[in-house]
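Coordinates in review
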Amino acid sequence: MNFAAQFFYSRYLSERLERLYSPRPAMTDCVENDPFWQSKELRLGPNLPQGSKRGGPGIVNGIPGRRLTLIEPERLKDFGEEELLNGDVKVWETRSSGPPEIQLMEPPKTRRLSEFKARARPSTEYLRFEDISAAAFKIQSAIQKTPCTYSRLSKQYGMEIYLKKEHLHYTGSVKERGVFYLLTSLTQEQQKKGVIVATDCNFSMAVAHHAVELKIPVFAIMPSSCSVPRLRVYRDYGAMVISYGTAARDSRNHACHLAKDNGYLYLEEDEQEAYLAGLGTVGLEIYEQVPKLDAVVVPASGQFGLLAGTAAAIKHLNPRILVVGVEPEGYPLLLQSLKTGGPFKDMSSRPNSKLYGDLAEHSLGIQTFQLAKKHVDKVITVSEETALVAMLRFQEFERSTVDTEGAMGLAAILAGQLPELRGKRVAVVVSSANMELDLVRQCVERALVLDERISKFTVELGSLPGDMAKLLDFLSREDVRLLDVCHRRHSDKTELFRTQVECVVETRDKTQSVQLRKTLCERYPSLRWLDR
């Protein structure tokens, strides 16, 4: 380092040390006495005596200097600040506040041991309205929205009847709703392995159809008692049909064995939440299609899931709407369960398997019973004869063929068991229309007899020529259709020279049948009407 550099560096260093260690002179009267300078904590160096080697106070390197302010500008507001405004002095006063007052908490109250007992949490509802709404959104792409039309029977029975025609689905049953939502709720692994059914019912037919549509392998194990036309229906839907055993129990056992060995999912109609939610979408559509609705009549068929799901949806939307459940008189399972307070297991009677196939092999579940107990207002029973007449009314007035399960709702109105609904707006659910052709013919013939449209009588005629012609001529003038006639000349019950004639006739309605009976009894005293 050269001499010039050493000179400037020493001068800079001396000025630096002078600033740090120069003594601070006492304040005169004209200088403000700042208490901040008297604090020892803010001094940066030791106090030097007045006679320092660098001249008098306030002299730095022979140049009069001023005291450096070590107070930050932000601190000036702590000691007061002056400002000249048009010759006036404005002073801000600083006040110090004490620490906030500490609030002491009250001691906890003494609680009894009984107050610490665990309280049962409210149980969540098994079937929520949100589940039904989600099911409605899911199935709208595959399940058609069935019509709910005004019935021509309304004027005849004194109420506005709207028929929710669920029998118009592809498989002819409302159970397509629950089955489709149930299949879409399965995991991908379950859908890949496949499903298996073993009961000939509307539920199995819906599974066979929609499983194929969703590309899920489906197997149908049916007993040998299953009719050939029904087996053909399963094959047409695309299911792998296997005949096994002579009874439904044998086919179910074999289906469970196959499901266990091959990883198939065995499906049967039960009270799964997804299945009930899909069936509950019927209530949503009814409430949307029929404004100012007063009551809904639902058949309690199968596992009673249709009644429970529809009632849950209707009561959530409008609790004032009356929900009525209808079940066959020979198998009042729900009615007995409501009386005993729980699902009734020991039913001595069994329903007619041909007319009520979906009821023959099923029982009432706990969750379905709880839903029906909570949401269903009334449960009534209808006889088999009334259900058959209701089937006939559907064919005559609605131009549609339904089975006895689908006709139960209308049968309750025909039987006069709902007098409180006169003058009201009522929706009736028509659940299904799966009945074989020969059984439909038998049911229609039986219904005509029960409705007193077909009558059978016997009469004794003379053996003279022309007596038989006179009887037939009389029936022709009365505008009566002759269905069958039997002429017996030799009979143990007839008198000598007398002939017994048995006729089956059909009238237009009950009024004509009554008039025919009166006229024939006056003309032929030996006439005898046969029981139905």
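Shown above is the structure to which this text applies.
The sections below set out a description of the structure shown in this document. On a predicted model such as this, the values are computed, not experimentally measured, just so you know. (Residues numbered from 1 in each chain as written. Predicted model: local features only at pLDDT ≥ 70, side-chain atom pairs only at ≥ 80, totals over all residues. Heavy atoms only, no water.)

Let's talk about the side chain of Thr281
For clarity, the threshold we go by: Numbering of helices and strands runs from the N terminus; a helix is a DSSP stretch of H or I covering at least four residues, while a strand is a stretch of E covering at least two. For every residue, the accessible area obtained with a 1.4 Å probe (protein chains only) is divided by the maximum for its type, and the residue is called buried under 20%, exposed over 50%, and partly exposed between those limits. Under the rule applied, a polar contact is a pair of N or O atoms within 3.5 Å (in protein, one hydrogen donor and one hydrogen acceptor; residues adjacent in sequence only if both atoms are side-chain atoms). We call two residues in contact when some of their heavy atoms are within 4.5 Å.
Locating Thr281 in the fold gives a position in helix α9 (residues 273-289). For Thr281, a relative accessible area of 2% gives the class buried. At 3.1 Å, the side chain of Thr281 and the side chain of Arg177 are in polar contact. Ignoring any residue separated from it by four or fewer positions in sequence, one finds Thr281 in contact with Ile132, Ala135, Ala136, Ile139 and Arg177.

Observations concerning the environment of Gly406
Mapping Gly406 onto the fold places it in helix α15 (residues 404-414). Measuring from C-alpha to C-alpha, the distance between Gly406 and Ser173 comes to 8.9 Å, with 233 residues separating the pair along the chain. Not counting residues up to four positions away in its chain, the partners in contact with Gly406 are Phe394, Val429, Val430, Ser431 and Ser432.

Some remarks on the sheet that holds strand β6 (residues 160-165)
Heads up, the condition is: Here, any two strands with at least 2 DSSP bridges between them count as paired. Each axis is a line fitted through C-alpha atoms, taken for helices only over the stretch in contact, and angles between the N-to-C directions span 0 to 180 degrees.
Judged by pairing direction, the sheet is mixed, and its 6 strands sit side by side in the order β5-β6-β14-β11-β12-β13 without closing on themselves. Every other strand in the sheet has two partners, leaving β5 (148-150) and β13 (378-382) as the edge strands with one partner each. Within the sheet, the average angular offset between the axes of one strand and its neighbour, ignoring direction, is 25 degrees. Bridge analysis of β5 against β6 gives 3 bridges, and the strand direction is antiparallel. By the bridge assignment, Tyr150 is partnered in β6 with Tyr162. Contacting β12 (322-328) and β13, helix α11 (residues 333-340) runs over the sheet at an angle of about 140 degrees to β13.

Here's the deal with helix α18 (residues 510-523)
Operational definition: Helix span, as expected, comes to 1.5 Å for every residue beyond the first.
Relative to the 20 Å expected for 14 residues at 1.5 Å per residue, α18 spans 20 Å between its end C-alpha atoms, a close match to the ideal helical length. Contacts from the buried residues of α18 go to β15 (454-462), α17 (467-477), β17 (498-506) and β18 (528-529). The N-cap of α18, judged by a side-chain oxygen 3.4 Å from the amide nitrogen of Thr511 a few residues on, is Asp509.

Things to note about the pairing of β15
Alignment of β15 against β17, held across 9 bridges, turns out to be antiparallel. Residue pairing across strands places Phe457 opposite Cys503, the latter belonging to β17. Bridge analysis of β15 against β18 gives 2 bridges, and the strand direction is antiparallel. By the bridge assignment for β18, Phe457 is matched with Trp529.

Observations regarding a nonpolar patch on the surface
The condition is simple: The patches reported here contain residues having more than 30% relative accessible area and no salt bridge. Joining distances are 9 Å for like charges and 5 Å for nonpolar side chains (Val, Leu, Ile, Met, Phe, Trp, Tyr). With residues, only the protein chains shown are counted as cover, and all accessible areas are computed by Shrake-Rupley using a 1.4 Å probe. A pairing counts as a salt bridge when a side-chain nitrogen of Lys or Arg comes within 4 Å of a carboxyl oxygen of Asp or Glu.
A cluster of nonpolar residues, Met240, Ile242 and Tyr244, forms a patch on the protein surface that exposes about 270 Å² of accessible area. Its place among the elements puts Met240 in strand β9 (residues 240-243).

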